[in-house]
Every structure is written in C-alpha cells, then in structure tokens.
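Single-letter residue listing:
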2 protein chains.
Amino acid sequence: MSDLARDPRQIGNLIRRMRKKRGLSQAQLGGKTGLRQETISLIETGHPAARLQTILSVLAALDLEFRIVPRSKAGAADIEEIF
Amino acid sequence: MSDLARDPRQIGNLIRRMRKKRGLSQAQLGGKTGLRQETISLIETGHPAARLQTILSVLAALDLEFRIVPRSKAGAADIEEIF
DNA sequence: CTGGAATATGCGCCATATCGCATAACTGTA
DNA sequence: TACAGTTATGCGATATGGCGCATATTCCAG
C-alpha cells in the first residue's frame, strides 16, 4: 500500500479519483467547499503544503474522512488505543 | 467515534496523547520533526489551519499515518475501492 | 512550598496558501 | 475542424503558518 503520510502528492490523486467518482467538476467541488476551482486543481496536482483545513473540507465534501492509525503494523489492540 | 474530519482540534488532542505515550516532550518532538516547541504546542491546542506537511511530519515522528476512508458507514468493499 | 522542566503566549519577520480575475491548455464531441 | 466544458497557469493582493527570541504560565518531583 502506498504510504500516504510520506507522499502528500498521493492525497491529490486520491481526491481526484474520488471527485470524478462522485461526478463532480473541480468547480463544483470548489462550490461545495468554498474553495476556488484553481485551488482544487493545485491540491489535486500535488500542492505540497496545503492547509489542513483545506484538505479536511475537501474530504468532507467528498464524504470522506481520515483516520490516524499506527504506522507500524497495527495489531488490532493498537488501533483501539487511538480511537 | 469522534469525527476527526469535522473537528481539526481533535487531531491536536490525539497528537498530544500519542506524544506522551511515546514519552516525548514537545521540544523533543520538535527536534524530530524540525519544528519548534511552540509550533507543537499550537498544533496540540487546536491550531485550526496548520499545514498538511506539518501535521504529516508530526504524525511520522510518532509512527502514525493517516488513512482516508469513506465517511458513510464503510462497507469493507467501499474501503477497498479507495486503496 | 520550592525549583526546574514543560508548556503557552506575544511580537516581528519571511515564506507561502488562497483569493480574485484573466487566460491558456487540454478533452471530448459533433 | 470547431466548439464547449474542464483544468492548468500567471499575477497582484491579503491572510496566516512557522521561525527566532523572550517570557509568562503551568506542572511536577523533592
């Protein structure tokens, strides 16, 4: 599995795939999030230092959320300790 | 379960809990991440618009990563379509 | 209670995310 | 080809993240 945490660019790819799966244009997604089409474009093409807020609102608009999990091979018990 | 995606402040709480679990001070975590103690403090107290990069490096230093998952009730199949 | 570590807060500074607007480049379709 | 929709790029302006440094506040062992 790709390491999302080390390569922020992959977040852009993921967002793009999910946006298209939802049948939205960048402009439409921008409308739902209060961001510009240009900003969505930057994020999808791998904008390396976007703000957390921005990413969160985009994910929310796509009915996604993120979970923080142990990187090291996660026993189930270890996952539970986080949430 | 708390909705991490809607309340960025909880990310700070999570980071703080995990940092303490690792036995690190803010300054030590700052050392590992190239961030200042003050910056770690801001993030933990709920800095609403930190940069994604910053959060990622903190998570990496704590041996955490994040995964993006469907918000709506995640069937296993639905998770798979993402990664 | 006391002292030292840990954490929070304030200010000036620079880098940059996002904005707004314009426009170019690309994508498909007739 | 030509055209419409979509996406990428450029520029000036504004807001703010993170830095460095100083200091206040909180926490905890003794």
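Just so you know, these numbers come straight off a predicted model, no measurement behind them.

Regarding the protein's contact with DNA strand C
Near DNA strand C you find 19 residues, and of these Arg36, Thr39 and Thr54 of chain A together with Gln26 and Ser41 of chain B are the closest. Sugar and phosphate atoms represent 60% of those atoms of DNA strand C found within 4 Å of the protein. Arginine 51 of chain A places a polar main-chain atom, nitrogen or oxygen, 3.1 Å from a phosphate oxygen of DNA strand C. In this structure, glutamine 26 of chain B approaches DNA strand C through a side-chain N or O atom, which is 2.6 Å from a phosphate oxygen. Those elements that provide at least two residues to the surface near DNA strand C are α3 (37-44) of chain A together with α1 (9-21) and α3 (37-44) of chain B. The biggest single contributor to the surface near DNA strand C is α3 of chain B, with three residues. When its residues are assigned to classes, the surface near DNA strand C shows three nonpolar, nine polar and seven charged.

Quick word on the pairing of strand β1 (residues 64-70) of chain A
Looking down a regular strand, the side chains alternate between one sheet face and the other. Burial within β1 of chain A is extensive, with six of its seven residues counted as buried. Bridge count for β1 of chain A against strand β1 (residues 64-70) of chain B is seven bridges, and the pairing is antiparallel. Bridging across to β1 of chain B, leucine 64 of chain A finds its partner in proline 70 of chain B.

Section: the packing of α3 of chain A against helix α4 (residues 52-61) of chain A
All names here are of chain A. Relative to each other, α3 and α4 sit at 100°, their axes nearing to 12 Å. Between α3 and α4, the crossing angle belongs to the class labelled roughly perpendicular. Across the interface between the two elements, Thr39, Ile40 and Ile43 from α3 touch Thr54, Ile55 and Val58 from α4. Tallied by class, residues from the contact of α3 with α4 come to four nonpolar, two polar and no charged.

Each value, and the rule that gives it
Residues numbered from 1 in each chain as written. Chains lettered and ligands numbered in written order. Predicted model: local features only at pLDDT ≥ 70, side-chain atom pairs only at ≥ 80, totals over all residues. Heavy atoms only, no water. Near = heavy atom within 4 Å. Polar contact = N/O pair within 3.5 Å; in protein donor to acceptor, adjacent residues only side chain to side chain. Helix = DSSP H or I, 4+ residues; strand = E, 2+ residues; numbered from the N terminus. Nonpolar A, V, L, I, M, F, W, Y, C, P; charged D, E, K, R; others polar. Buried < 20%, exposed > 50% of the residue type's maximum accessible area, 1.4 Å probe, protein only. Pairing = 2+ DSSP bridges. Axes fitted to C-alpha atoms, helices over the stretch in contact; angles between N-to-C directions. Parallel < 35°, antiparallel > 145°, perpendicular 65-115°, else oblique. Contact = heavy atoms within 4.5 Å.

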